[in-house]
Amino acid sequence: MAARHVVVIGAGIVGACTALLLQRDGSRVTLVDKGAPGEGASLGNAGCLNGSSVVPVSMPGTLQQVPRWLFDPMGPLTIRWSYLPMIAPWLWRFVRAGRPERVQEIARALRPLTAPTVEMHRQFAREAGVEDLVRQVGHLHVYRSDDAFAKDAGAMALRAGSGARVAELGFDDLRQLEPDLDRGYVRARLIEENGHCRDPLRLTRAYVELAQRRGAAVKRARVTGFRRDGGHVVAAFTDQGDVEGDAFVVAGGAWSRDLAASLGDAVPLDTERGYHVMVSGPEAGPRTPTTSFEGKFVATPMENGLRAAGTVEFAGLHAAPCWDRADVLLRQLQAMYPGLARQVPEARVSRWMGFRPSMPDSLPVIGPAGRVGNVFYGFGHGHVGLISAPMTARLLSDLVAGRPPSIDPAPYAASRFG
Ligand SMILES: Cc1cc2nc3c(=O)[nH]c(=O)nc-3n(C[C@H](O)[C@H](O)[C@H](O)COP(=O)(O)OP(=O)(O)OC[C@H]3O[C@@H](n4cnc5c(N)ncnc54)[C@H](O)[C@@H]3O)c2cc1C
């Protein structure tokens, strides 16, 4: 019998990992992407491989913060006024996801996706010949005051409650670990199990290339819809002609909503746009990836420089980037590591904006489409797509193969918003 042909829409980190595990099951895979592999959100993220990333973006008290987001365009989280009518229904669900009991459920549902991240990426990276990209030196959270340290206790308790070991560090231990860090940081927490990737784009490309060496086809085309035959999809329509297949995986990141809608599934997917700034040849920086509690960004030592990545901007998929937000990150990075040059020459700075594919409850959509038998969704990973891509791929490959799933897929159902 001919091998099952699976068409994976989207060659970001989720589609790339999924292609590899589908191949392991003997499937023939075609990856279809409207752009070059890895150049969506997977290009410029902070690189964190944090098994401890179980804290949803919406937490108790979120509602009170919404007015500030509207009036501070340079704040760590902001909503463009022009996008407010579009994002309002999503925001309402987002606020509701921050109820204390729901937050506990979300953390419990995230942990099975995030916990195996370092081990699974290491395995993929070894097979792809880029093992050097995956490191495991922990993740630091740093605070400028005891008050800030105390404010983060609820989120840390969620991480610890999910099984991550959190160590508390005082001023001297912190200096020893991070000599370049500004002395204004007085407390820290270290989560040793966490890892990071030193170049998420190179990692994603390497996975796609490995899939190609194993026989996958990579097609550059935009998927616009699906051809059905009864309760099944038989082909994806693209701007380069139809792509036929036996099963289909939608891993189109922030652009997946319309594809799901064309199959009859209304999913509240939107985008939390995020930014990074990179400084090549930095004079100072962290040894361990470090989250600034006050700035809400991560400073990560990458193979080509120091990256500060983070912040959230609700402005949809079409508005132009606001590069001032990346410059705010640069100033914060300089304040965090005073040894960095005050005036970094432009040639050493690069800026990027990417579209996190975000669901209001910070949980991805992983599972079968509601109305057709052979389409599976793997999108909506928000802040944890790099982390949870390998386990998402495992779950999707189980579902495509018709095996009992490795983890309970119920929390990620497309239908959970009714
Ligand atoms: C600033 C920032 C920092 C982040 N930091 C981290 C971090 O440290 N750790 C972490 O785990 N996550 C992080 N994330 C989130 C992470 O980057 C995303 O969750 C992840 O990259 C999503 O992967 P994906 O494969 O679903 O989407 P993408 O990488 O966006 O890939 C989707 C692909 O689908 C293609 N596509 C879409 N629609 C179509 C179509 N109709 N036809 C054909 N192709 C299509 C796109 O071209 C794209 O290549 C961060 C994100 C940002 C913005």
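Structure: above.
Residues numbered from 1 in each chain as written. Predicted model: local features only at pLDDT ≥ 70, side-chain atom pairs only at ≥ 80, totals over all residues. Heavy atoms only, no water.

*Asks:* Please clarify how the overall build of the protein chain should be interpreted in this entry.
*Replies:* From N to C terminus, the protein chain includes 12 helices and 21 strands. Computed over C-alpha atoms, the radius of gyration of the protein chain comes to 21 Å, within 12% of the 22 Å expected from 2.2 N^0.38 for 418 residues, which places it in the range of a compact globule. Among the 418 residues that make up the protein chain, the fraction classed as buried is 58%. For the protein chain, the proportion of contacts with a sequence separation of at least 24, taken over those separated by at least 6, is 76%. For the protein chain, the exposed surface amounts to about 16,700 Å²; the carbon and sulfur share of it is 52%. If the 48 positive side-chain charges of the protein chain are averaged to one point and the 42 negative ones to another, these points end up 1 Å apart. (Helix = DSSP H or I, 4+ residues; strand = E, 2+ residues; numbered from the N terminus. Rg over C-alpha atoms; globule rule 2.2 N^0.38 Å. Buried < 20%, exposed > 50% of the residue type's maximum accessible area, 1.4 Å probe, protein only. Contact = heavy atoms within 4.5 Å. Areas by Shrake-Rupley, 256 points an atom, 1.4 Å probe, with all protein chains shown as cover. Lys, Arg positive; Asp, Glu negative; His and termini not counted. Charge placed at Lys NZ, Arg CZ, Asp CG, Glu CD.)

*Asks:* Help me understand helix α7 (residues 153-161) in this model?
*Replies:* The α-helix advances 3.6 residues per turn, and as a result positions three or four apart in sequence lie on the same side. Along α7, the residues classified as buried are A155, M156, L158 and R159. One side of α7 holds all its buried residues, which, seen down the axis, span an arc of 155 degrees. If you follow the buried residues of α7, they end up packed against α4 (100-114), β6 (139-143), β7 (166-169) and β8 (187-191). At the C-terminal side of α7, G163 shows a positive phi close to 115 degrees. (Arc of directions from axis to C-beta.)

*Asks:* I would appreciate a short explanation of the packing of aromatic side chains in the present structure.
*Replies:* Any aromatic ring pair is given by two values, namely how distant the centres are and how the planes are angled relative to each other. Throughout the structure, instances matching the rule amount to 12 aromatic pairs. Consider the rings of W255 and F355, whose centres lie 5.6 Å apart with planes at 70 degrees: the pair is edge-to-face. Placement of the pair is W255 in the loop between β14 (247-250) and α10 (257-262) and F355 in strand β19 (residues 349-358), with a sequence separation of 100 residues. Given the relative accessible area of 14%, F355 is considered buried. These aromatic residues form a ring-pair network of at least three members: W69, W90, F94 and F314. (Phe/Tyr/Trp six-rings, centres within 6.5 Å; stacked < 30°, edge-to-face > 60°.)

*Asks:* Please explain the site of the ligand as it appears in this structure.
*Replies:* D33, S42, V223, G382 and I387 are the nearest of the 35 residues found near the ligand. Interatomic distance of 3.1 Å between a backbone N/O atom of G385 and an oxygen atom of the ligand. Out of a free accessible area of 1,000 Å², the ligand has 97% covered by protein chains. Of all elements in the fold, only α1 (13-24), β2 (28-33), β15 (270-279), β19 and α12 (385-401) reach the threshold of two or more residues within the shell around the ligand. No other element matches the four residues that β19 contributes to the shell around the ligand. In terms of residue class, the shell around the ligand is built from 17 nonpolar, 14 polar and four charged. (Near = heavy atom within 4 Å. Polar contact = N/O pair within 3.5 Å; in protein donor to acceptor, adjacent residues only side chain to side chain. Nonpolar A, V, L, I, M, F, W, Y, C, P; charged D, E, K, R; others polar.)

*Asks:* Teacher, can you tell me more about the pairing of strand β20 (residues 365-368) here?
*Replies:* The side chains of a regular strand alternate, residue by residue, between the two faces of the sheet. Alignment of β20 against strand β21 (residues 375-379), held across four bridges, turns out to be antiparallel. The residue of β21 that forms the bridge with G367 is Y377. Here β20 folds back onto β21 in antiparallel fashion, the turn holding six residues. (Pairing = 2+ DSSP bridges.)

*Asks:* Is there a simple way to think about the sheet that holds strand β13 (residues 243-244) in this case?
*Replies:* What links the strands of a sheet is backbone hydrogen bonding, and the strands pair in either a parallel or an antiparallel sense. In spatial order, the strands read β11-β12-β13; together these three strands make up an open sheet with antiparallel pairing. Pairing within the sheet leaves two strands with one partner each, and these edge strands are β11 (223-229) and β13.

*Asks:* Looking at this model, I keep getting lost on the nonpolar core. Mind explaining?
*Replies:* Proteins that are soluble and globular tend to have nonpolar side chains buried together. If you look at the biggest cluster of nonpolar residues, it comprises 57 residues, and the most contacted ones within it are V8, I13, L203, Y207, V249 and Y412. Elements represented by at least two residues in this core include exactly β1 (5-9), α1, β2, α4, α5 (117-128), α9 (200-213), β14 and α12. Once residues lying within four places of it in the same chain are set aside, the contact partners of V249 are V6, V7, V8, I9, T18, L22, F376, L396 and V400. Among the nonpolar cores identified, the runner-up in size contains 30 residues, and L190, V279, F297 and M336 belong to it. (Core = buried A, V, L, I, M, F, W, Y, C linked by side-chain atoms within 4.5 Å.)

*Asks:* Teacher, can you tell me more about the pattern of salt bridges here?
*Replies:* Between side chains of opposite charge, pairing is possible as soon as their charged atoms come close. One pass over the full model with this rule turns up 24 salt bridges. With its nearest N and O atoms 3.4 Å apart, the salt bridge here joins D147 to K151. On the criterion of helical spacing, the pair formed by D147 and K151 is a turn pair, its members being four residues apart in helix α6 (residues 146-151). For D327, the salt bridge identified is with R351, shortest N-O distance 2.8 Å. Here the residue D327 occupies a position in helix α11 (residues 323-336), and R351 occupies one in strand β19, the gap between them amounting to 24 residues. A relative accessible area of 27% means that R351 is categorised as partly exposed. When salt bridges with common partners are traced through the structure, they connect R102, E105, D361 and R416 into a single cluster. (Salt bridge = Lys/Arg side-chain N within 4 Å of Asp/Glu carboxyl O.)

Purely geometric stuff here, so don't read any function into it on its own.
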